[in-house]
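Survey of secondary and tertiary structure
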Amino acid sequence: MLRFYLLDTSYEVLGKTPVVLIWAIKDDGTPILIKDDSFRPYFYALLEDNADAEEVAGRVKSLSRAASPIISVEVVSRKYYGKPVKALKITTQIPEYVRTYREEVKSLKGVKEVLEADIRFAMRYIIDKDLSPCTWYEVEAEGPFKDEKYRVEEVYRVSNPVYKPLPEKKFPPKLKILAFDTEVYNPAGAPRSDKDPVIIVSLMNSKGEIKLLTASEGPKGDLELLKEFKDYVLTYDPDIIVGYNTSGFDWPYLLERSKILGVKLDVGRVKNAPPRTSAYGHISVPGRLNVDLYDFAEELYEVKIKSLDEVADYLGVMKKSERTHVPWYEIYRYWDDPKKRETLLKYARDDVVSTMGLADKFLPFAMQLSSLTGLPLDQVGAASVGFRLEWYLIRAAYKSKELVPNRVERPYEPYKGAIVLEPIKGVHENVAVLDFSSMYPNLMIKYNIGPDTFVTGECSDDECHIIPGLGYKFRKEPPGFFKSVLQTLLTLRKKVKEEMKAYPPDSPEYRLLNERQKALKVLANASYGYMGWVGARWYFREGAEAVTALGRATIMQAIRIAKSLGLKVIYGDTDSLFVSYDKSKVEEFIRRIEKELGLEIKIDKVYRRVFFTEAKKRYVGLTEDGRIDIVGFEAVRGDWTDIAKEVQEEVAKIVLSTGGTRDAIEYVRNVIKELRSGKIPIEKLIIWKSITRRLEEYSVDAPHVAAARRLQKMGIKVDVGSKVGYVVVKGSGNISSRAYPYMMVKPSDVDVEYYVKHQILPAALRILSYFGVTEKQLEVAGKGMRTLMDFMKKK
DNA sequence: GCGGCGCTACTACCT
DNA sequence: ACAGGTAGTAGCGCCGCG
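As a starting point, this report considers the structure included with it. Every value quoted in this text rests on a predicted model; they were computed, and no experiment measured them.

What counts, and where the lines are drawn
Residues numbered from 1 in each chain as written. Chains lettered and ligands numbered in written order. Predicted model: local features only at pLDDT ≥ 70, side-chain atom pairs only at ≥ 80, totals over all residues. Heavy atoms only, no water. Core = buried A, V, L, I, M, F, W, Y, C linked by side-chain atoms within 4.5 Å. Buried < 20%, exposed > 50% of the residue type's maximum accessible area, 1.4 Å probe, protein only. Contact = heavy atoms within 4.5 Å. Pairing = 2+ DSSP bridges. Helix = DSSP H or I, 4+ residues; strand = E, 2+ residues; numbered from the N terminus. Salt bridge = Lys/Arg side-chain N within 4 Å of Asp/Glu carboxyl O. Disulfide = S-S within 2.5 Å. Axes fitted to C-alpha atoms, helices over the stretch in contact; angles between N-to-C directions. Near = heavy atom within 4 Å. Polar contact = N/O pair within 3.5 Å; in protein donor to acceptor, adjacent residues only side chain to side chain. Nonpolar A, V, L, I, M, F, W, Y, C, P; charged D, E, K, R; others polar.

Moving on, we come to the nonpolar core. One finds Phe4, Ile240, Ile449 and Phe589 to be the most contacted residues of the largest nonpolar core, which totals 143 residues. Beyond its immediate chain neighbours, meaning those up to four positions away, Phe589 contacts Leu434, Ala558, Ile561, Ala562, Leu565, Leu567, Leu577 and Ile601. With 57 residues, the next largest nonpolar core counts Ala635, Ile691, Leu711 and Val752 among its residues.

Now the structure itself:
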């Protein structure tokens, strides 16, 4: 028996035989390749209700051509949206022929639809064999053999393709991880791959060894560097390669340079198979898991600017104060200047160390997500939340013989969402925040919501749940696809959380289980959004609509109960209620929700004080341990300047902890004074905004777009999704005409009055005006000065 | 020619 | 490229204005 930890699967076609390649690691850490040539690709034809299955099967068979044969056509029983159906399972010789025949089969008489013809062969294999990446198995296999085609010492052949999971083995084997980062010469702003060499590749492996490869002088100075990089990868032979934004930058650039310089960047475990772009835009390196950690950083919504140094700082991997900084637009200068080159090398080193640190933080979660969804580790980060859940659903469908619906293009259909209560403005003392636990998933379970439980005809309220306000009906029994899946996810999570209690929080077991329960939660919480996503295979608008309607009814009922108990309801949003904290009444409230609604509600936190303006989704709370929670306000938004955010946070702190405004007014005036005297560094005056479309697609000349155009003029590419940092400078005209990329702005050019009037004052007054503080009280000398200056400019 | 107004575009947030 | 609900800024076109 061969025991192995599954990394990934791929396939090759030898002659006319597809061979599944299972990339894996043995207990002792040896990378191996296991081959299985017994599996064949297939797809389904769903039959019309009145069709004669055998007859249609005959017609399908007669499509088969000798050069690209259909191997078999079987009549099988499956389910489709919960209903038993007859289908044809059509097996072809090689994966390509699935594509060859699917259209032809679809147009045959008696065939309603062709299904599962778009599931990639390597994925098909792991689903059908009930395999999961990042999981241990045992299989009967022959070997080891040597095979020069692959860069592994041991190649096996599966003799009986039945995989036995080894659930007692929870931890991965010793995996060899390689972190890398590249620096590129960029005298023209954005590097041009036809001219600008890669100048540094920094490497770090899981033994802690660090290596810096550098280019020699000249425009082709990276020729040797690329070879050294390739040699390093082949010698170290990593199982996992990690980097930061490598799908978006490093790999594409390295590959372009190698093409230009004629170096084969053949770094995978299959010889002559260079990295290439694959599913969800990730770069696939055969036999290794190439993971772009930026994908996981993107999910840290607390971090507004997702540069490597910011993310590493946030996660405690490397503090910004302890690392070397080089502005990206000056990399070429640091390279060219012999005195500064050392700094650039340190910077490259810090980058690769940070990257490896990020891998420590992200990979345990990624591995759990990979093993749950079945998506290999290198794809699971690149796949969006919707696709991650979808793969989980596809696996669940296979296990219950459900056919997977096709992805179809649909028009967007909006529907009503959640309720947000009007807050009672002002300061409230002693407030409990109560949250329904996983409200939407639990409503989906409670009301058996899903596309397969929806009843269009008559159905009594005995047999069906009838959705208030919509009249949609969902049969109570049997449990639908979504209900079953969600129950599995939630009970699994409960079990994992239970199991965690047996370990100390700093143990590896605890950490692993914690990552697993987080992954389970992510999947469960995505189910409602998935159902309402037009791109989903199991899209079902009425279901999503029903869930939000039930959510609204639920929270309204909860409000009634709270009020009947004498609890004052201060605010609420979707699944949360802010109520006056009377301990025994709140306890009673929780019990009654459980009893009357069959749902769990919990105290999430208690605020000693909480402050609302008239706005929804914005509040400041003083927690029991004396911290300030700021929600929704400018202070937590990435598109306000640091100085304005600082001011607002400080004002909130002062007002909420002292109850008075005097110190806050004094403080704001001081900051304005400092700003006017030029004591605030420019970094705190940068406004960061995302670019969400190509620049020519904008219909309004907004400041961040104007700044982005200026960047582009400097030769710097501004891609969709990137952030532009701009500063407003003095002059006439609207803000757009004065919004410049921060690196172009001298401190003396800054339009200080803009920052007073449009950043500091609004941020401070957002809180202070409730307490009767006016702009006049914060402003001392601004107005007159500005009018005078404007006056002089016009002359 | 210009300020005020209302609308739209846009971004980022909350649950 | 999981959902809808919400706040807020700045641009832009239009109007009135002897």
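Quick look at the pairing of strand 25 (residues 628-631) now. Summarising the sheet, strand 24 (residues 619-623) and strand 25 pair through 4 bridges and their orientation is antiparallel. Pairing of Gly621 across the sheet is with Asp629, part of strand 25. Turn length for the strand 24-strand 25 hairpin, with the two strands adjacent in sequence and antiparallel, is 4 residues, and the turn residue Gly626 shows positive phi of about 85°.

Right, let's get into the pattern of salt bridges. Charged atoms that come close allow side chains of opposite charge to pair. One pass over the structure, following the stated rule, counts 62 salt bridges. Arg341 is the salt-bridge partner of Glu217, the closest N and O atoms lying 3.1 Å from each other. Remark: Arg341 occurs in helix 9 (residues 338-373) and Glu217 occurs in the loop between strand 12 (210-214) and helix 4 (223-236); sequence separation between them is 124 residues. The residue Arg541 makes a salt bridge to Glu413 at a minimum N-O spacing of 2.9 Å. Here Glu413 lies in the loop between helix 11 (385-399) and strand 17 (426-436) and Arg541 lies in helix 16 (residues 541-564), a separation of 128 residues in the sequence. A cluster of three or more residues bridged by salt bridges with shared partners is formed by Arg3, Asp27, Glu138, Lys164 and Lys169.

By the definition in use, this model includes 1 disulfide. The partner cysteine of Cys459 in its disulfide is Cys464, sulfur to sulfur 2.0 Å. Disulfide Cys459-Cys464: torsion about the S-S bond near 95°, hence right-handed. Owing to a relative accessible area of 1%, Cys464 belongs among the buried residues under this scheme.

Moving on to the sheet that holds strand 28 (residues 739-741). Spatially, 26-27-28 is the arrangement adopted by the 3 strands of the open sheet, whose pairing is antiparallel. Only two strands of the sheet have a single neighbouring strand rather than two, namely strand 26 (687-690) and strand 28. The mean inter-strand angle of the sheet, taken between neighbouring strand axes irrespective of direction, is 45°. Pairing of strand 27 (residues 723-728) with strand 28, which is carried by 3 bridges, proceeds in the antiparallel orientation. Its bridge partner lying in strand 28, Val728 is registered against Ala739. On top of the sheet, helix 20 (residues 703-713) reaches strand 26, strand 27 and strand 28; it is set at about 40° to strand 28, its chief contact. Across the sheet, helix 21 (residues 752-768) touches strand 26 and strand 27, and the angle it forms with strand 27 is around 125°.

Here the focus is the pairing of strand 12. Across 5 bridges, the pairing between strand 11 (residues 198-205) and strand 12 is antiparallel. Counterpart to Met204 in the pairing with strand 12 is Ile210.

Near DNA strand C, the surroundings consist of 30 residues, among which Ser384, Gly417, Lys616, Ser736 and Tyr754 are the closest. In DNA strand C, atoms within 4 Å of the protein come from the sugar-phosphate backbone in 92% of cases. At a separation of 2.5 Å, a phosphate oxygen of DNA strand C approaches a polar side-chain atom of Ser384. The side chain of Tyr412 places a nitrogen or oxygen atom 3.2 Å from a phosphate oxygen of DNA strand C.

Let's shift gears to the protein's contact with DNA strand B. In the region of DNA strand B, 22 residues are neighbours, and Asp575, Arg637, Gly638, Thr692 and Tyr698 sit closest. Taking all atoms of DNA strand B within 4 Å of the protein, the share assigned to sugar and phosphate is 92%. Arg637 has a polar side-chain atom sitting 2.8 Å from a sugar or linking oxygen of DNA strand B. Here a phosphate oxygen of DNA strand B and a side-chain polar atom of Ser690 are 2.9 Å apart. Looking at the surface near DNA strand B, its residues break down into 6 nonpolar, 7 polar and 9 charged.

What follows covers the side chain of Ser193. For Ser193, the position within the fold is in the loop between strand 10 (177-184) and strand 11. Ser193 gets classed as buried once you look at its relative accessible area, which sits at 15%. There is a polar contact of 2.6 Å between the side chain of Ser193 and the side chain of Glu256. Residues contacting Ser193, with those up to four places away along its chain left out, are Tyr253, Glu256, Arg257 and Ile260.

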